[in-house]
Amino acid sequence: MISLSLQHEPTVIMIFGASGDLTQRKVVPALYNLFLDHWLPERFALIGFARTSFTETSFRKHLREGVDQFSRRSKTNDEDWQAFAPHIHYMSADYSDPAAYTTLSDSLSKMDGEGHTKANHIFYLATPPGNVEVIVQRLGRANLSRDRKRDRIVIEKPFGRDLSSARTLNHTLTSIFDESQIYRIDHYLGKETVQNILSLRFANALFEPIWNRHYIDHVQITVAEDVGVEHRGGYYERAGALRDMIQNHLMQILCLIAMEPPVSFNADEIRNKKVDVLHAIRPIPQEQVNGFAVRGQYGDGWIQGQRASAYREESGVAPDSSTETFAALKLFVDNWRWQDVPFYLRTGKRLPAKVSEVSVQFRPVPHQSFPLSAVRDWQPNRLVVHIQPEEGVLLRIQAKQPGLTMRLSPVDMHFTYQEAFQVTSPDAYEALLLDVMIGDATLFMRADQVEAAWSVVTFILEGWEAVKPPDFPNYSSGTWGPEAAEALIARDERKWLLSTSLEKHKGEET
Ligand SMILES: NC(=O)c1ccc[n+]([C@@H]2O[C@H](COP(=O)([O-])OP(=O)(O)OC[C@H]3O[C@@H](n4cnc5c(N)ncnc54)[C@H](OP(=O)(O)O)[C@@H]3O)[C@@H](O)[C@H]2O)c1
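Given the structure is predicted, the values throughout are model-derived calculations rather than measurements.

You can see F44 is positioned in strand β2 (residues 44–50). For F44, a relative accessible area of 6% translates into the label buried. With 42 residues separating them in the primary sequence, F44 and P86 have C-alpha atoms 9.9 Å apart. Those residues in contact with F44, other than ones at most four positions away along the chain, are T11, I13, L31, F84 and H87.

In this structure, F16, L31, F123, Y124, I153, L254 and F343 are the most contacted members of the largest nonpolar core, which totals 147 residues. The biggest single contributor to this core is helix α9 (residues 241–258), with 12 residues. Dropping the residues within four chain positions of it, L31 is found in contact with I13, L40, F44, L46, F84, L433 and M437.

The α-helix advances 3.6 residues per turn, and as a result positions three or four apart in sequence lie on the same side. An ideal rise of 1.5 Å per residue puts 26 Å on 18 residues; α9 reaches only 22 Å between its terminal C-alpha atoms. Residue M251 marks the point of greatest curvature in α9, where the axis turns by about 30°.

Turning to the pattern of salt bridges, a few remarks are in order. Under the counting rule described, the total for this entry stands at 31 salt bridges. Note that E430 is salt-bridged to R72, the shortest N-O span being 2.8 Å. Highlighted residues: E430 in helix α13 (residues 428–438) and R72 in the loop between α2 (56–70) and α3 (78–84), separated in sequence by 358 residues. Looking at E430, the relative accessible area reads 3%, which means it is buried. For R72, a relative accessible area of 32% gives the class partly exposed. Between E465 and R243 there is a salt bridge, with the nearest N and O atoms lying 3.0 Å from each other.

This paragraph deals with the packing of aromatic side chains. Applying the stated criterion across every chain, the model contains 23 aromatic pairs. Relative to Y90, the ring of F59 lies with its centre 4.5 Å away and its plane at 35°, an arrangement referred to as tilted. In this pair, F59 is assigned in helix α2 and Y90 in strand β3 (residues 88–92), connecting sequence segments 31 residues apart. A residue is classified by how much of its surface remains accessible, and F59, at 0% relative accessible area, is buried. With a relative accessible area of 11%, Y90 lands in the buried category. In textbook terms, an aromatic cluster arises when at least three aromatic residues are bridged by ring pairs, as seen for Y236, Y298, Y311, F326 and Y475. Positioned above the aromatic ring of F70, the side-chain terminus of R25 is 6.0 Å from the ring centre. One Lys or Arg, K191, reaches over the ring of Y188 and ends 5.2 Å from the middle of that ring.

Attention now moves to the confidence of the model for the protein chain. Close inspection of predicted coordinates is inappropriate for parts of the model with low pLDDT. Per-residue pLDDT for the protein chain averages 93, and the proportion of residues at 70 or more is 96%. With pLDDT under 50 throughout, residues 1–6 is counted as low confidence; its partners more than four residues away or in other chains account for 18 contacts.

A word on helix α5 (residues 132–141). If you check which residues of α5 are buried, you get V132, I135, V136, R138, L139 and G140. Summarising the contacts, the buried residues of α5 are in contact with β1 (11–16), α4 (98–114), β4 (120–125), β5 (151–155) and α6 (163–176). Just downstream of α5 lies N143, where phi reads positive at about 60°.

A few words on the environment of W211. Along the chain, W211 turns up in the loop between α7 (192–202) and β7 (216–224). Look at W211 and you get buried, because its relative accessible area is 2%. Put simply, W211 and H187 are 24 residues apart on the chain and 26 Å apart in space, counted from C-alpha to C-alpha. Among all residues touching W211, those that are not within four sequence positions of it are R201, I216, I257, R337, W338, V360 and L383. Reaching out from W211, the side chain makes a polar contact with the backbone oxygen of I257 at a distance of 2.8 Å.

Before going further, it helps to examine the sheet that holds strand β17 (residues 475–477). A sheet is described by the order of its strands in space; here 3 strands give the open sequence β10-β9-β17, paired in mixed fashion. A strand with exactly one partner marks an edge of an open sheet, and here the two such strands are β10 (306–308) and β17. Direction aside, the axes of adjacent strands within the sheet are offset by 25° on average. Relative to β17, strand β9 (residues 298–303) runs parallel, the two sharing 3 bridges. Considered in β17, the bridge of Y298 is made with Y475.

Reading the values: the criteria
- By convention here, each chain's residues receive numbers from 1 onward along its written sequence.
- Totals for whole chains, interfaces and linings use every residue, but because this is a predicted model, local features are given only for residues with pLDDT of at least 70 and side-chain atom pairs only at 80 or more, for both listing and counting.
- To obtain the side-chain values, all non-hydrogen atoms of the structure were included, while hydrogens and water were left out.
- Note on conventions: DSSP H or I runs of at least 4 residues are helices, E runs of at least 2 residues are strands, and numbering of each starts at the N terminus.
- Exposure is judged per residue with a 1.4 Å probe applied to protein chains only, and the accessible area is read against the type maximum: over 50% gives exposed, under 20% gives buried, and values in between give partly exposed.
- We call two residues contacting when some pair of their heavy atoms lies within 4.5 Å.
- In this text, buried Ala, Val, Leu, Ile, Met, Phe, Trp, Tyr and Cys residues form a nonpolar core when linked through side-chain atoms within 4.5 Å.
- Every helix has an expected span of 1.5 Å times one less than the residues it contains.
- Axes are fitted to the seven residues ending at a residue and to the seven starting at it; the angle between these axes is taken as the bend at that residue.
- Think of a salt bridge as a Lys or Arg side-chain nitrogen and an Asp or Glu carboxyl oxygen that are within 4 Å of each other.
- We call Phe, Tyr and Trp rings a pair once their centres come within 6.5 Å, taking the six-membered ring for Trp, and we label the pair stacked below 30 degrees between planes, edge-to-face above 60, and tilted otherwise.
- A ring is considered to have a charge above it if a Lys NZ or an Arg CZ atom is located within 6 Å of its centre and within 35 degrees of its normal.
- Each residue carries a pLDDT value, the predictor's own confidence for that position, ranging from 0 to 100.
- Distance and chemistry together define a polar contact, namely a pair of N or O atoms within 3.5 Å, with one atom able to donate a hydrogen and the other to accept it when in protein, and with adjacent residues in sequence counting only for side-chain atoms on both sides.
- Two strands form a pair only when DSSP identifies at least two bridges running between them.
- Axis definition: a line fitted to C-alpha atoms, limited for helices to the stretch in contact. Angles are taken between N-to-C directions and run from 0 to 180 degrees.

What follows is the structure in structure tokens.
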């Protein structure tokens, strides 16, 4: 969380896997924007580490291409880039080569010797998960993990592929680094609108008194993508929607919606409150998985007028793949606040639109005093947090339609970041990288949080893995997922709420 009291402590960030997609597309554009916005310390260095044989010049050129293409700002200009580029260095070596770590350690000591204060050392692992263990071990042996205050390690998702592999990974990490030095990234938590859930709930007196089972009927969390797996078929085959999205992003959003008010914004206080939510989620027994969880896989179809192929035809995907590209869940949080309030979660690829939002659906009014003719269009109140592509909050209320008769109609009060603040929000990686630099772990996942989130989905994973899906592909590209997902919520006499932004567009069309 960006703090205005940033101490400009000297910082060296070492990126392992520096030749890869994440570095070029997200990490370096974010660092460059932080540089342009004067958030980076004067003494800052980026050392790229990978096997690819770049020279320093070709590495800088490669990163500049990434910034030009992916930064939220338009292309770099020569003057700014030439001010930034000298901070960038490159080392080519194998991740298991002890000599490389000795060189790294010597370079860091030399840099430290050049200034008055020791620099913070951030080891950013942007490599496939299989490399984590060797890198962590080598960093430990080279004494690069010893300084609890200044040595930090950043780990990208996926954080394990089930509870037991997550535990093993946590064990590897915590045998070398202290938990306080470990920053597990879930980039969703860096999004402005996700952070805004905390402000909405805890900086306004309005919501907290009604934020409970007495006033809230249910909550829906939707993270829909219109794209398929694109070039990531190989990775996705081993992941699937439950691992790739629900265990981390959707579960974190659920925690922010359901957590108790924190006493302070201290990192551990916030994380404790989130872990409490995860521990309170009612386990789904394996034999009841079908009643609470639905999986789907996209077939071919049409999206926005374009023909789209089936998941099983994507490159890197098995022709008889059982991997789910859609998942919908019904969860309960068993505590005083939320008892019996369902949380419906759904995510999928090749859905009709790219949209992420949380809908908090309130209960109907206890007594309807208006005549039936007035309430034909009546709807219960709904609070919607738009995460993307729109960023903002919407509150649906009832209003009297203008005219001489009493007729109620739902209307929306809408706050958008763009209109309210007239600025472009920083990218999630900017917020998260800055937090690592200043040592604020609030938006990062602690070991117990990751394990608790895996515990929630474990029975579903096991249930799904035990039985091959008989009906895949079971939804067409460009639709809102399989029919079973509609049935999951229809059984409770509810329905998936159409994204309010899509409703608006639909209204414009008709
Ligand atoms: N890309 C994203 O948007 C994104 C988003 C969230 C999380 N992540 C996670 O971030 C990590 C890196 O993702 P990425 O998309 O940047 O991957 P990538 O493009 O494949 O890059 C991975 C880098 O790791 C190095 N590497 C080391 N051993 C490797 C191996 N056995 N196979 C392939 N590459 C190897 C490669 O560098 P050398 O070959 O030069 O050593 C390569 O530059 C992964 O854990 C991924 O799940 C990525």
